[in-house]
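Okay, here's what each chain looks like letter by letter:
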Amino acid sequence: METGPGDGARALLRILRDLPGEVGVEEPLAPHTTFRIGGKAFALYRPTTSDALGEAVVRARAHGFPWLILGGGSKLLVPDRGFPGLVLSTAALRSWHEEEGILRVGAGVSLARVARRGAWKLAGIPGTVGGAVAMNAGTRYGAIADQLEWVQALLPTGRLHTFSLDECGFSYRDSVFRRLRLPVVAVGVRLQPVQDLSPLLAERARTQPQLPSAGCVFRNPSAGRSAGWMIDQCGLKGMRIGDAVVSERHANFICNLGRARAAEVLELVDEVQDRVARRFGVWLRLELEVVGE
Ligand SMILES: Cc1cc2nc3c(=O)[nH]c(=O)nc-3n(C[C@H](O)[C@H](O)[C@H](O)COP(=O)(O)OP(=O)(O)OC[C@H]3O[C@@H](n4cnc5c(N)ncnc54)[C@H](O)[C@@H]3O)c2cc1C
């Protein structure tokens, strides 16, 4: 039997009514993530301006709804029960302006496009510019923080602030935007000469799985061997729970073989942490972001 939206979704529709942009009610989140896993959100809103994004956050807070910024969904695991709140997608924030070697882009622009234009060190990282800034995404050649001039983000009051690099609090796969949940709306990227990215992309295709995933699951410990090396040494490549599997190609990836549930991924995460702790005395910390935690 068809049922209408629940109370939470209807309340969110009411508070977003006069803001510009699309609202999806009880929207399945799996298609918005590279893992292709997870339940529905009460609502998914795609603001078309940064003001509308700020206002939606202020209203969600005022009405006591949990909220979450969604970029490309390439670092996220959405629980099977979904997210009982408002997901704010940056997909419509796609401004692009270039002047004197500085590219000023909206948070929803794909990182791949920026990499092609002049940020070769970031080649092959999926997702959006905003997500990359929040995560300080990078490769072994460098991180996005190395190439930024400034970051524009919303303060908890809904006011825009332009952060200098010193204010961004960047560290390994982390930033003030992620820690304090400040929505990034635009960034200034210092362009480097355009390069042929095909060798870098080919190397990634060779060393990373092609199945749905959310990239590296665990953070590399600050000293010593990488998380992937330790997982491999424990013989865990190919370990499977339901449709969640530790990749044969890269041990720090968990892949979705088709119908994996978030609960299966998390069970596999526990098992890997446990085995690595017993063998190496190291507790691997999650790099994967579990929505709602
Ligand atoms: C196959 C594969 C390979 C990958 N390789 C790499 C790699 O080499 N290096 C690397 O660093 N990562 C890698 N990743 C992980 C991921 O792509 C990056 O972390 C990416 O930068 C996340 O961007 P996103 O837009 O998808 O963010 P999302 O997954 O949508 O969000 C990630 C986090 O950032 C927050 N966020 C998103 N947008 C904003 C915003 N505008 N303002 C504030 N917060 C925001 C979210 O709330 C969430 O906390 C890989 C992932 C996959 C699937």
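So, how was this worked out
Residues numbered from 1 in each chain as written. Predicted model: local features only at pLDDT ≥ 70, side-chain atom pairs only at ≥ 80, totals over all residues. Heavy atoms only, no water. Near = heavy atom within 4 Å. Polar contact = N/O pair within 3.5 Å; in protein donor to acceptor, adjacent residues only side chain to side chain. Areas by Shrake-Rupley, 256 points an atom, 1.4 Å probe, with all protein chains shown as cover. Helix = DSSP H or I, 4+ residues; strand = E, 2+ residues; numbered from the N terminus. Pairing = 2+ DSSP bridges. Axes fitted to C-alpha atoms, helices over the stretch in contact; angles between N-to-C directions. Domains from an automatic or database assignment. Contact = heavy atoms within 4.5 Å. Buried area = accessible area lost by both parts, 1.4 Å probe. Salt bridge = Lys/Arg side-chain N within 4 Å of Asp/Glu carboxyl O.

What about the site of the ligand?
Near the ligand there are 34 residues, and of these Ile69, Ser74, Thr128, Gly138 and Glu289 occur at the shortest range. At 2.6 Å, a side-chain N or O of Thr128 approaches an oxygen atom of the ligand. One of the side-chain nitrogen or oxygen atoms of Glu289 is found 2.7 Å away from an oxygen atom of the ligand. Expressed as a share of its isolated accessible area of 970 Å², the protein-covered part of the ligand is 92%. Of all the secondary structure elements, the ones that give two or more residues to the shell around the ligand are strand E3 (67-70), helix H4 (129-135) and strand E13 (213-216).

Brief notes about the sheet that holds strand E6 (residues 96-99)
Spatial ordering of the open sheet is given by E6-E7-E12-E10-E11, a layout of five strands whose pairing is antiparallel. Two strands lie at the open edges of the sheet, namely E6 and strand E11 (160-163), each paired on one side alone. This sheet shows a mean twist of 15° between the axes of neighbouring strands, independent of strand direction. When E6 meets strand E7 (residues 102-106), the two strands line up antiparallel, connected through four bridges. Counted as the bridge partner of Trp96 is Val105 from E7.

What about the domain arrangement of the protein?
Taken domain by domain, the protein comprises domain 1 (7-89), domain 2 (96-190) and domain 3 (209-290). The distance between the C-alpha centroids of domain 1 and domain 2 comes to 21 Å. Contacts between the two partners involve 13 residues from domain 1 and, on the opposite side, twelve residues from domain 2. Summing both sides of the interface, domain 1 and domain 2 together bury roughly 940 Å²; the carbon and sulfur share of this comes to 68%. Counting the surface domain 1 buries against domain 2, the share from its top three residues, Ser50, Arg61 and Trp67, is 38%. The interface formed by domain 1 and domain 2 holds zero salt bridges in total. For the pair domain 1 and domain 2, the number of links is two residue pairs in polar contact (both at pLDDT 80 or more). For the side of domain 1 that touches domain 2, the elements supplying multiple residues, two or more each, are helix H2 (50-62) and E3.

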